[in-house]
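Structure assessment
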Amino acid sequence: MAEHALKEWASVIAAMLAGEQVVMLRKGGIGEKRFDVPHQHFFLLPTHLHQRPDLLTPDARDTYAADLAMRDEPGRNLITAWCDVHEVHPINEQAELDALDGFHVLGADYAQSRLKWRPRQPLMAVVVRVHRVTPTIDLEMTEEMGGCVSWVALPDSVPTPGGAPVLDDAQFDAQAAAIADALASLAPHSTSAAAPLG
């Protein structure tokens, strides 16, 4: 059975591999009706399309400048991370998004623009445990992997994910709990109860 990868900005993947964030804010690509999380585990496939320094926090612009420097998609890509899904929180209100400030490297204005785009669809806060891929996977990019899509099927030659987690149990549990607590603090007005996969 083929493994799958979620396309994510190279700069965000770098932040996740640095242990700086365990949550991704996602709403799908232009050609997708909505964003779902159909897989319990998946690889992260770096993309450089649309990422710009001004769309990240000021600190992240400096820290991940090398990842931001590349704008074109390469013919080959290096997969260095995979994820286990911990929780998925639908974000519908600005207050919920504000509660996640500091848990990710996206700039506030850009995150707000993603929330407002297709307002009937929630912005999904996907909390994941990130692992380093060992050994890394040198992937030839195909036409099917291009464009503004979230999920791609990988060749059968790509093995089942393996490698050590970036954060130890205590570190990850602390970050995941802090995110859950920040959203729970908005109850009873919050609509961000964890959603099922799929």
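Residues numbered from 1 in each chain as written. Predicted model: local features only at pLDDT ≥ 70, side-chain atom pairs only at ≥ 80, totals over all residues. Heavy atoms only, no water.

**Digging into helix H6 (residues 169-184)**
Helical geometry: 3.6 residues make up each α-helical turn, so side chains three or four residues apart lie on a common side. Relative to the 22 Å expected for 16 residues at 1.5 Å per residue, H6 spans 22 Å between its end C-alpha atoms, a close match to the ideal helical length. All of the buried residues in H6 are Phe-172, Gln-175, Ala-176, Ile-179, Ala-182 and Leu-183. Taken around the axis of H6, the buried residues stretch over an arc of 125 degrees, which confines them to a single face. When the buried face of H6 is taken as reference, the exposed residues oriented beyond 90 degrees from it are Ala-170, Asp-181 and Ala-184. If you follow the buried residues of H6, they end up packed against strand S2 (23-26), strand S4 (76-91), helix H4 (94-99) and strand S5 (123-140). (Helix = DSSP H or I, 4+ residues; strand = E, 2+ residues; numbered from the N terminus. Expected span 1.5 Å × (residues − 1). Buried < 20%, exposed > 50% of the residue type's maximum accessible area, 1.4 Å probe, protein only. Arc of directions from axis to C-beta. Contact = heavy atoms within 4.5 Å.)

**With respect to unusual backbone geometry**
At the junction of Thr-134 and Pro-135, the peptide bond is cis and its omega measures out at -5 degrees in the coordinates. Phi is positive for His-50, close to 75 degrees, though the residue is something other than glycine. The topology assignment puts His-50 in the loop between strand S3 (41-47) and helix H2 (58-63). Note on His-50: relative accessible area 53%, which makes it exposed. With phi around 50 degrees, Arg-118 is a residue other than glycine that occupies positive phi space. Secondary-structure assignment places Arg-118 in the loop between helix H5 (108-116) and S5.

**A word on the side chain of Glu-3**
Residue position: Glu-3 is located in the segment before strand S1 (4-9). An unpaired buried charge is present at Glu-3: no salt bridge exists, and Arg-26, the closest side chain of opposite charge, is 16 Å distant. Within the structure, the side chain of Glu-3 is placed 3.3 Å from the side chain of His-41, a separation counted as a polar contact. (Lys, Arg positive; Asp, Glu negative; His and termini not counted. Salt bridge = Lys/Arg side-chain N within 4 Å of Asp/Glu carboxyl O. Polar contact = N/O pair within 3.5 Å; in protein donor to acceptor, adjacent residues only side chain to side chain.)

**Some details on the packing of aromatic side chains**
For the coordinates displayed, the defined rule picks out three aromatic pairs. Summarising the aromatic geometry, the rings of Trp-9 and Tyr-110 are spaced 5.3 Å apart at their centres and angled 25 degrees between planes, so their arrangement reads as stacked. In this pair, Trp-9 is assigned in strand S1 and Tyr-110 in helix H5, connecting sequence segments 101 residues apart. Judged by centre distance (4.9 Å) and plane angle (85 degrees), the ring pair of Phe-42 and Trp-151 falls under edge-to-face. (Phe/Tyr/Trp six-rings, centres within 6.5 Å; stacked < 30°, edge-to-face > 60°.)

**Thoughts on the nonpolar core**
Counting 49 residues, the largest nonpolar core has Leu-25, Phe-42, Leu-44 and Val-128 as the members making the most contacts within it. The biggest single contributor to this core is S5, with seven residues. In this view, Val-128 contacts Met-16, Val-22, Met-24, Phe-42, Cys-83, Asp-84, Val-85, His-86 and Phe-172; residues no more than four positions away in its chain are not counted. In terms of nonpolar packing, the next biggest core, distinct from the first, is built from 13 residues, Phe-43, Ile-79, Trp-82 and Met-141 among them. (Core = buried A, V, L, I, M, F, W, Y, C linked by side-chain atoms within 4.5 Å.)

**So, the sheet that holds S1**
As summarised here, the arrangement of the six strands in space is S2-S5-S4-S3-S1-S6, forming an open sheet in which the pairing is mixed. Every other strand in the sheet has two partners, leaving S2 and strand S6 (151-153) as the edge strands with one partner each. When strand polarity is set aside, the average angle formed by the axes of neighbouring strands in this sheet is 45 degrees. Where helix H1 (residues 10-17) meets the sheet, it contacts S1, S2, S3, S4 and S5, and its direction lies at approximately 100 degrees from that of S1. Along the sheet, H5 makes contact with S1, S2, S4 and S5, crossing S5 at roughly 110 degrees. (Pairing = 2+ DSSP bridges. Axes fitted to C-alpha atoms, helices over the stretch in contact; angles between N-to-C directions.)

**Some thoughts on the layout of surface pockets**
For the largest pocket, the calculated volume is near 560 Å³. Together, 26 residues line the largest pocket, and Trp-9, Arg-26, His-50, Tyr-110 and Arg-114 are the ones closest to its centre. If you list the elements that add at least two residues to the lining of the largest pocket, you get S1, S2 and H5. Considering each element in turn, the lining of the largest pocket owes the most residues, four residues, to S2. When grouped by side-chain class, the residues that make up the lining of the largest pocket number twelve nonpolar, eight polar and six charged. (1 Å grid on protein atoms, 1.4 Å probe; cavity = no way out; pocket = protein on both sides within 12 Å on 5 of 7 lines; lining within 4 Å. Points joined across faces, edges and corners; volume = space filled by probe spheres on them. Nonpolar A, V, L, I, M, F, W, Y, C, P; charged D, E, K, R; others polar.)

Such coordinate-based values are descriptive only and should not be taken to indicate function.
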